[in-house]
Amino acid sequence: MNESPVYYFDNNATTRIAPEVVETMLPFLKEYWGNPSSAYTFGHQVAKHIEEARAKVAALINSDPRELVFTSCGTESNNSAIHSALITHPEKRHVLTTAVEHSANIKFCDFLQKHGHDVTFLPVESDGSLDLHLLEQSIRPDTAIVSVMWANNETGVIFPIEEIAAICRSKGTLFHTDAVQMPGKVEIDVKELGADFLSLSAHKLHAPKGIGLLYVKRRTKYHPYIMGGGQERGRRGGTENVANIAAFGRAAELALESPGDEKTRIRALRDKLEGGILSKIPGASRNGAKEPRLPNTSNIAFDSVEAEGILMLLDQADICVSSGSACTTGSLDPSHVLMAMGSSVARARSSVRFSLGRYNTETEVDYVLKHLPGVIARLRTNAPFKEGKQARPVTQDA
Ligand code: PLP
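These numbers were taken from a predicted model, which means no experiment stands behind them.

Undergrad: Would you mind showing me how to read the sheet that holds strand 8 (residues 212-216) here?
TA: Picture the strands of a sheet paired through backbone hydrogen bonds; they go either parallel or antiparallel. Spatial ordering of the open sheet is given by 2-8-7-6-5-3-4, a layout of seven strands whose pairing is mixed. With partners counted over all chains shown, the strands left at the sheet margins are strand 2 (68-71) and strand 4 (118-122), one partner each. On average, each strand axis in the sheet is tilted by 20° relative to the strand beside it, whichever way the strands run. Here strand 3 (residues 94-98) runs beside strand 4; their pairing, made up of five bridges, is parallel. Note on strand 4: the bridge partner recorded for Thr 98 is Leu 122. Here helix 4 (residues 103-114) sits on the sheet in contact with strand 3, strand 4 and strand 5 (143-147), set at roughly 145° to strand 4.

What follows is the structure, given as C-alpha cells:
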C-alpha cells in the first residue's frame, strides 16, 4: 500500500471515508453479522440498525424513511428509476433525458433505444445550461419518464430541478433526478423538490463505495429492478449490505451536523484555486457557467495542452485531479459533456476537473497553484498539442 500523502482534488470521483464512518461500520463486520431477515433476535438486532440508518439518510433529504430504497450504487438507482417507469407504464415507450447525464444514465438509455424504446437526449447551451422551453416541448403523451441530473459531475453546472419537476407534474409525467453529486454540497429537500425519484450514492459523501439509494415518492408506482427476496419491502431483492448501510446513515448524519460555514469554506477554497489558475496561467478558461454551480467544482481548459499530460505531471507531484474527458477507462472519446456544450475536440481534450471536499486545506490549494503553472509551461514547450492528434485512453467519468 502506498502511504505517501496525496493532494486530493478529485472529490467528484469519490471521497475519503470519514474516520467516524469507518468506526460505525466495524461492529457490523465483526459482531453484528447476522442476516437482517432472519427470524431470531440476532437477525432482528441487525435489521434495527438498517432502519436507524434509513431514518438518518431520510433526514438528510427531508423524506419519509419509507420512501427510501437502498441499492448498490448510484448507477443502479438511476437504472431502477427509469426501468420502473417503463414497466409500470407499458403503454409509454419514450424516455426524455439530456446529453450531459452521467454514463449511468446515458448507457442505460442507449440500451433501451437498441431494444425498441424511444429516447430523446436534450442538447445543452454552451454554458452547460438547459433550455426549459425545449424540455417542455419534448415531453410527449407517451413519455414514461423525464430523467435530468441535478448537478453535472464534470462541470458542476446545476440544473433548475424544481422548475423541471413542476413542468413534469403539469404534464403528468414521472420525473427522476440523479442527485449523486449534491449531498454535502447543496441542501436537498425532496418535499420542496417534488421529484418522483431521486438517486444518491454514498461514496460521494465520505462513505464507502457499493451503497446507493433511490428515493421513491409516496404513492409512486414502483417495480423492482433487482428481483429476489422481499428485502427493502419488496422493492430491491438481495441481502442488505448492512455495514455499508450503517456507514451511509452515519455519513448523512455527519453531513447534517456539518456547520454551514464548512460549505462556505470549500467554496472559498475552490474560488481561490480557480481564480489563481485563471490569473496565473495564460490560455486557461473555465468550462460551464460560473453560477449556478456546485461550490466545490472547477473545470478548466488549458489551450494547447493535453489533459493526459497534465494529469501525469501533477500525479508526479502527488496531486490527484481528473481529465474533463469522459467515459470508461480506455475510451478514446473526448468528454461527451464538453462536446455537448459545443466544445472543440481540442478543448475537450485539454480540460481538467478539480473537485474539492471536506478534507482540503488552503495549504493544499497553494501547493497546486505553485506547481500547475510550471506543468502547463513545460507541456507547452515540450509537447505542443495538435488538433486531431489521437488521444490516449482517458480516465473514467465519475
Ligand atoms: N451519477 C453521477 C452524476 C455521478 O457522478 C456518478 C458517479 O460516478 C454516478 C451517477 C454513479 O454512481 P456510482 O458510482 O455509485 O454508481
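On we go from here.
Undergrad: Teacher, can you tell me more about the sheet that holds strand 9 (residues 284-286) here?
TA: Read from one edge to the other, the open sheet built from four strands follows the order 9-10-13-12, with strand pairing classed as antiparallel. Edge positions in the sheet fall to strand 9 and strand 12 (322-323), since each of these pairs with one other strand and no more. Across two bridges, the pairing between strand 12 and strand 13 (residues 351-355) is antiparallel. Note that in strand 13 the partner of Ser 323 across the bridge is Val 352.

Undergrad: Looking at this model, I keep getting lost on the packing of aromatic side chains. Mind explaining?
TA: Aromatic ring pairs are reported here in terms of the distance separating the ring centres and the angle at which the planes meet. Using the criterion set out here, one finds seven aromatic pairs in the structure. Arranged with centres 6.1 Å apart and planes meeting at 45°, the rings of Phe 28 and Tyr 32 form a pair that is tilted. We classify Phe 28 as buried; its relative accessible area is 10%. Taking 6.1 Å as the distance between ring centres and 90° as the angle between the ring planes, the aromatic pair formed by Phe 108 and Tyr 225 counts as edge-to-face. In this pair, Phe 108 is assigned in helix 4 and Tyr 225 in the loop between strand 8 and helix 8 (231-234), connecting sequence segments 117 residues apart. For Phe 108, a relative accessible area of 9% puts it in the buried group. Taking relative accessible area as the criterion, Tyr 225 reaches 28% and is therefore assigned partly exposed. In this arrangement the basic side chain of Arg 16 is found over the ring face of Tyr 359, its NZ or CZ atom lying 4.4 Å from the centre.

Conventions and cut-offs
Along each chain, residue indices are assigned from 1 in the same order as the chain's sequence is written. Per-residue local features of the predicted model are confined to residues with pLDDT of at least 70, and side-chain atom pairs are confined, for both listing and counting, to 80 or more; whole-chain, interface and lining totals are unaffected and use all residues. Calculation of side-chain values draws on the structure's entire complement of heavy atoms; hydrogens and water are dropped beforehand. Two strands make a pair as long as DSSP finds a minimum of two bridges between them. Where helices and strands are cited, they refer to DSSP runs of H or I of at least four residues and of E of at least two residues respectively, numbered from the N terminus. Each axis is a line fitted through C-alpha atoms, taken for helices only over the stretch in contact, and angles between the N-to-C directions span 0 to 180 degrees. Contact definition: two residues touch when any of their heavy atoms are within 4.5 Å. Pairing of aromatic side chains here covers Phe, Tyr and the six-membered ring of Trp, requires ring centres within 6.5 Å, and sorts the geometry by plane angle: under 30 degrees stacked, over 60 edge-to-face, intermediate tilted. Only protein chains enter the accessibility calculation, which uses a 1.4 Å probe. A residue is then buried if its area is under 20% of the maximum for its type, exposed if over 50%, and partly exposed in between. Geometrically, a charge over a ring is one whose NZ (Lys) or CZ (Arg) sits within 6 Å of the ring centre while staying within 35 degrees of the ring normal.

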